[in-house]
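An overview of the molecular structure
Spelled out, the chains give:
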Amino acid sequence: MELTIISLTTQLINMQLEDRTPNIKKNEDGSFDIYIQHESPGAEREDNWLTLP
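Residues numbered from 1 in each chain as written. Predicted model: local features only at pLDDT ≥ 70, side-chain atom pairs only at ≥ 80, totals over all residues. Heavy atoms only, no water.

Turning to its location among the elements, Ser40 is positioned in the loop between β1 (35-37) and β2 (49-51). In this structure, the C-alpha to C-alpha distance between Ser40 and Leu50, residues ten residues apart in sequence, is 9.2 Å. Discounting residues that sit within four places of it in the chain, Ser40 has contacts with Glu46 and Trp49. Only 3.0 Å separates the side chain of Ser40 from the backbone nitrogen of Gly42, close enough to count as a polar contact. Of the polar contacts made by the side chain of Ser40, one reaches the side chain of Glu46; its length is 2.5 Å. (Helix = DSSP H or I, 4+ residues; strand = E, 2+ residues; numbered from the N terminus. Contact = heavy atoms within 4.5 Å. Polar contact = N/O pair within 3.5 Å; in protein donor to acceptor, adjacent residues only side chain to side chain.)

Here we come to the pattern of salt bridges. By the definition in use, this model includes one salt bridge. With its nearest N and O atoms 3.8 Å apart, the salt bridge here joins Lys25 to Asp47. Residue Lys25 is located in the loop between α1 (2-20) and β1, and its partner Asp47 is located in the loop between β1 and β2; the two are separated by 22 residues in the primary sequence. Given a relative accessible area of 40%, Lys25 falls into the partly exposed group. (Salt bridge = Lys/Arg side-chain N within 4 Å of Asp/Glu carboxyl O. Buried < 20%, exposed > 50% of the residue type's maximum accessible area, 1.4 Å probe, protein only.)

Together, Ile36, Leu50 and Leu52 make up a nonpolar patch on the protein surface, roughly 260 Å² of accessible area in all. Within the secondary structure, Leu52 is located in the segment after β2. Given the relative accessible area of 41%, Leu52 is considered partly exposed. (Patch = residues over 30% accessible without salt bridge, like charges linked within 9 Å, V, L, I, M, F, W, Y side chains within 5 Å. Areas by Shrake-Rupley, 256 points an atom, 1.4 Å probe, with all protein chains shown as cover.)

Here it is, written out as C-alpha cells:
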C-alpha cells in the first residue's frame, strides 16, 4: 500500500511540474532533473531550475 501511495504522489508531482513548467527538459528515459539552488546551474539547465533565496 505504501509503495502505491508513493508512486501516485510522484506521478501527481510530475504532472504538476510539467503543467507549470512547459519548457522543462527531459532526459532520454522521460525523467527529468530539478536543480534547487540559489545560483543558476548554467544556461542549459535553467529550464529545470527552482530558485532559492
